[in-house]
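Examining the three-dimensional arrangement
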Amino acid sequence: MKLDVNSLRYLSKDDFRVLTAVEMGSKNHEIVPVELIDSISGLKHGGSHKCIKTLLRYKLVHHDNARYDGYRLTSMGYDYLAIRALCSRGQISSVGRQIGVGKESDIFEVANDDGEIFVLKLHRLGRTSFRAVKDKRDYLGKRKNYSWLYLSRLAAIKEYAFMKCLYEHGFPVPQAIDQNRHAVLMTLVDGKPLVQVKRIENSRLVYESCMDLISRLASKGLIHCDFNEFNLLINDDNEVTLIDFPQMVSVAHLNAEELFDRDVNCIIRFFSKKIGYVPEQDPDLSAIRPAFTNIIKDIDEQLDVQLVASGYKKDAKDMKDLEAFVLNGESEDEDEEEEEEEEKEEEE
Ligand code: ADP
Ligand code: MG
């Protein structure tokens, strides 16, 4: 779905009040009954009706009267709430072009009042793996009704916490600026995804810096778990920046070694197949691959432990839900079709 934020400025305070009421009602209702919207928004009788009409026109809510008369938030409705919050905090003042469509997110260029450009990542968990969300619903128990809101928000909370921590510890990652709902605001990285690169001037150096990054993360207790050419940005000076953190795990994870090796193998495969640099055939390479067991023998700082002990902790239990989802939620064509149908419905 296209994100058209122009209508943001046409929405009144009451419109947002009603939109927020729908969001709050979603905690317990898949479809929020009109009476509940009325009572949460606290607008005088019929007051919310006019607002709902506006919200419907801008596709911020979706009407459903299959079982009773009610509404649910669309992903654009959720986007608006997050963007408005970031605007009122003074972090951003306009939303520009979309610069990326990730596996489970939409990425926009945004600007603040001073014209500084940032990146806004809107998480959309459950878009590419709709089935996975459904499979997880039982597990999510009472909260099943708002699983996409719930999971996308968790992903943003986690990503923000990890990005901030990694940046503060000198890792080449974007600087995390702010977070609200399913949105993460961060600095814009100068560079393009490695996947778009056909030739690298000094491929051994870049290869080594990737392996060094994987090793350094592990030596601080962390595994990225999606360390590949899509999540590494490279600039003209061949410097790499790592992005995309919702799936990171601790080296204490049950499958830590396997996840670590998977990250390593992704990079080896990419360099061998796409760049034409085969690490195994380079005699000048000091080590082809880092060994997990060696690295974790002398962990110097446990960022995994620090992160759990930080503000991120209050959501730690919920994060198990997120982990269950992001580490298993592989996409299948069938699921995408299903989700497309959903979106079409939403647009109608
Ligand atoms: P997903 O979790 O959906 O894979 P990513 O965080 O990997 O999302 O971002 C998707 C794409 O958006 C990236 O491949 C990159 O092209 C672009 N992107 C994301 N964050 C930034 C950033 N901070 N600076 C520049 N480009 C970015
Ligand atoms: Mg990515």
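Counting restarts for each chain, with residues numbered from 1 along the sequence as it is written. For naming, the first written chain is A and the first written ligand is 1, with later ones following in the order written. For a predicted model such as this one, the threshold for reporting local features is a pLDDT of at least 70, and the threshold for listing and counting side-chain atom pairs is 80 or more; totals across whole chains, interfaces and linings nevertheless cover every residue. Remark: hydrogens and water are excluded; side-chain values derive from all non-hydrogen atoms of the structure.

An unreviewed UniProt entry lists the protein chain under the name Serine/threonine-protein kinase RIO2, from Polytomella parva. UniProt positions are given in the numbering used here, feature names are shortened, and annotations may be inferred rather than shown by experiment. The UniProt entry for the protein chain carries this comment under Cofactor (unreviewed entry): "Mg(2+)". According to its UniProt record, the protein chain has this under Sequence similarities (unreviewed entry): "Belongs to the protein kinase superfamily. RIO-type Ser/Thr kinase family."

Focus on the coordination of the magnesium ion (ligand 2)
Surrounding the magnesium ion (ligand 2) are the protein donor atoms N231 (OD1) and D244 (OD), which sit 2.1 Å from the metal. With a gap of 13 residues between them, N231 in the loop between β10 (222–223) and β11 (232–234) and D244 in the loop between β12 (240–242) and β13 (249–250) connect regions that are remote in the sequence. With respect to burial, N231 and D244 carry one shared label: buried. Only nitrogen, oxygen and sulfur atoms count as donors, using a 2.8 Å cut-off from the metal that widens to 3.2 Å for Na, K and Ca. Water is left out, so coordination shells may look unfilled. Helix and strand definitions here come from DSSP, where helices need a minimum of 4 consecutive H or I residues and strands a minimum of 2 consecutive E residues; each element is numbered from the N-terminal end. The rule is simple: take the accessible area with a 1.4 Å probe, protein chains only, and divide by the maximum for that residue type; under 20% is buried, over 50% is exposed, in between is partly exposed.

Some details on the site of ligand 1
Near, as used in this document, describes a residue that has one of its heavy atoms within 4 Å of the molecule or strand being considered. In the vicinity of ligand 1, 20 residues are found, and the nearest of them are S105, K121, V189, N231 and D244. Whenever two N or O atoms come within 3.5 Å, that pair is a polar contact, provided that in protein one can donate a hydrogen and the other can accept it, and provided that, for residues adjacent in sequence, both atoms are side-chain atoms. Between ligand 1 and K121 there is a distance of 2.7 Å, counted from an oxygen atom to a side-chain nitrogen or oxygen. Within the side chain of D244, a nitrogen or oxygen atom sits 2.8 Å from an oxygen atom of ligand 1. Protein burial of ligand 1: of its 550 Å² of free accessible surface, 89% is covered by the chains. Listing elements by their share of the shell around ligand 1, those giving two or more residues are β4 (94–101), β5 (105–111), β6 (117–123) and β8 (183–187). Reported accessibility uses the Shrake-Rupley method at a 1.4 Å probe radius. Residues are deemed covered only where the shown protein chains occlude them.

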